[in-house]
Amino acid sequence: IGAIGADNFTTLPFTDHPDWTKTVLKKAGGSIDFIAVHNAYAPLVVDGKGDPRDVYLGMLAAPVHIRKSLANLSTMIDQLSAEDAKRIKIAITEWGPFFQVGITAPYLDHPKTLGSALFVASTMKVFLESPKVELAHFFKLSEPTFMGWIGPRGRSMVPKAPLLAFEIFAKHFGGDLVESQTTSPTFDSPTVGLMPATTSTPWFEVIASKGSDGKIYLVGINKHFTAPVQGTISIAGLTPDPSGVAWTLSGTGIDSHTGTELPRVPGINWATPIEIPPSRRINKGNPNEVTLSQRRIDGIAARFDYSFPPRSVTSIEMAPASTEAK
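Residues numbered from 1 in each chain as written. Predicted model: local features only at pLDDT ≥ 70, side-chain atom pairs only at ≥ 80, totals over all residues. Heavy atoms only, no water.

S.K.: Please clarify how the pattern of salt bridges should be interpreted in this entry.
M.R.: Two side chains of opposite charge can pair, provided their charged atoms sit close to one another. Scanning the entire structure with this criterion turns up 13 salt bridges. Here Glu129 and Lys125 are joined by a salt bridge, their closest N and O atoms 3.0 Å apart. As a salt-bridge pair, Asp298 and Arg296 come within 3.1 Å of each other at their nearest N and O atoms. Take Asp298 and Arg296: they sit in the same class, and that class is exposed. (Salt bridge = Lys/Arg side-chain N within 4 Å of Asp/Glu carboxyl O. Buried < 20%, exposed > 50% of the residue type's maximum accessible area, 1.4 Å probe, protein only.)

Here it is as structure tokens:
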């Protein structure tokens, strides 16, 4: 049994009742199993205003606010009785990149871009690291216009960039989290759309896990528009095999995409999508603009260097070194 929460992090309140969630938990906490929230949409530039780069910076910083919002909600749950606090979980029943609605909206079709995929990966990190989050359902899998993570390209339905980011966590990530820490340069983002201003958001972040086969998976998310991250990776408690595999989602620009198109309907003239500098790729989409590729890497050790491409999500799969006697 779930109850509807109303917590969010945007500059515009989503309810006329600021104590809605707290009141629902207080009155119905003994009867529910989860509290449902929709607080993981970004960047929500309803009026389409703002510098295009700032719009994307606001989206890439949004997971910072999502983390705080989920932590606040977790605190409300923890203030209930011990039995209720242990049982009640958080469900994010809709989430995903979301810019604008309307045929004249220049950001309408931007949920399909590589930048949106970076938001998806960073938000997945928040969900996985939030202990009370039990489930999170992205919205939505397939539809012919702008919200589907699968969309039409010619006569085929193909994955958009966000689904490829999701695939990394589905296929190249383990079932048990491993503690990880990251030091990275940061960026500031102004208030844009419904996104609050942020300071000192990391350009680069990681999340790690262990699979049932003993492999360690390190997912690195480089949000920088143009610069690679020259990373030094240190591993404690495991001697890795010197060879591993890297799966990398990357593309030609922050607004590149896999070439999906809005439907051609008589009488509907979709707005020309706004371009994001410096790449300006949104109007040049094709299958080669965004790719998820695999390559072997050597030189893995307890401490090793790795270059993460700009605007990329990379999963490094590392097996423990063999201990068999020769």
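Additional details are given in the paragraphs that follow.
S.K.: So what exactly am I meant to see when it comes to the nonpolar core here?
M.R.: The tendency in soluble globular proteins is for nonpolar side chains to be buried side by side. If you look at the biggest cluster of nonpolar residues, it comprises 70 residues, and the most contacted ones within it are Ile90, Ile92, Trp95, Phe127 and Leu249. The greatest single-element share of this core, amounting to twelve residues, is contributed by helix α2 (residues 52-78). What Ile92 contacts, discounting residues up to four positions off in sequence, is Val37, Asn39, Ala40, Leu70, Phe127, Val133, Leu135, Ala136 and His137. Core analysis: the next-biggest nonpolar cluster, separate from the first, contains 16 residues, Ala246, Ile300, Phe304 and Phe308 among them. (Core = buried A, V, L, I, M, F, W, Y, C linked by side-chain atoms within 4.5 Å. Helix = DSSP H or I, 4+ residues; strand = E, 2+ residues; numbered from the N terminus. Contact = heavy atoms within 4.5 Å.)

S.K.: What is the right way to look at helix α4 (residues 114-128) in this model?
M.R.: In an α-helix, one turn spans 3.6 residues, which is why side chains three or four residues apart end up on the same side. For α4, spanning 15 residues, the distance from its first C-alpha to its last is 21 Å, which sits close to the expected 21 Å at 1.5 Å a residue. Taking burial as the measure, the 15 residues of α4 include 14 buried ones, the bulk of the element. (Expected span 1.5 Å × (residues − 1).)

S.K.: Hey, could you run me through unusual backbone geometry in this one?
M.R.: In most cases, non-glycine residues show a negative phi, while peptide bonds are predominantly trans. Here the amide bond leading from Phe139 into Lys140 is cis, since omega sits at -10°, within 30 degrees of zero. Relative to the assigned elements, Lys140 resides in the loop between β5 (133-138) and β6 (150-153). Across the junction of Pro277 and Pro278, the peptide omega takes the value 5°, indicating a cis bond. Position of Pro278 among the secondary structure elements: in the loop between β14 (244-251) and β15 (290-297). Positive phi, close to 55°, is recorded for Arg280, a residue that is not glycine. Along the chain, Arg280 turns up in the loop between β14 and β15. Phi at Arg311 takes a positive value of approximately 45°, unusual for a residue other than glycine. Assignment of secondary structure puts Arg311 in the loop between β16 (303-308) and β17 (312-318).

S.K.: Sorry if this is basic, but what is going on with the packing of α4 against helix α5 (residues 161-171) here?
M.R.: How two helices sit against one another is set out by the angle between their axes and by the gap between those axes. Relative to each other, α4 and α5 sit at 35°, their axes nearing to 7 Å. For α4 against α5, the interelement crossing comes out right-handed. Residue-level contacts link Leu114, Ser116, Ala117, Val120, Ala121, Met124 and Leu128 of α4 to Ala161, Pro162, Ala165, Phe166 and Phe169 of α5. Along the lines of polarity and charge, the residues of the contact of α4 with α5 split into eleven nonpolar, one polar and no charged. (Axes fitted to C-alpha atoms, helices over the stretch in contact; angles between N-to-C directions. Left-handed = near helix turned anticlockwise from the far one by under 90°. Nonpolar A, V, L, I, M, F, W, Y, C, P; charged D, E, K, R; others polar.)

S.K.: Could you clarify how one ought to interpret the environment of Glu167 in this entry?
M.R.: Assignment of secondary structure puts Glu167 in helix α5. Residue Glu167 is classed as partly exposed on the basis of its relative accessible area, which comes to 24%. Measuring from C-alpha to C-alpha, the distance between Glu167 and Ala42 comes to 20 Å, with 125 residues separating the pair along the chain. Once you skip the residues sitting within four places of it in the chain, Glu167 turns out to touch His172 and Leu292.

S.K.: Explain the side chain of Glu143 to me, please; I cannot follow it from the model alone.
M.R.: As for its placement among the helices and strands, Glu143 is situated in the loop between β5 and β6. In terms of polar contacts, Glu143 uses its side chain to reach the backbone amide nitrogen of Met147, at 2.6 Å. A polar contact is formed between the side chain of Glu143 and the backbone nitrogen of Gly148, at a distance of 3.4 Å. Among residues more than four places away in sequence, those in contact with Glu143 are Gly148, Ile150, Gly151 and Pro152. (Polar contact = N/O pair within 3.5 Å; in protein donor to acceptor, adjacent residues only side chain to side chain.)

Taken by themselves, the reported measurements are silent on function.
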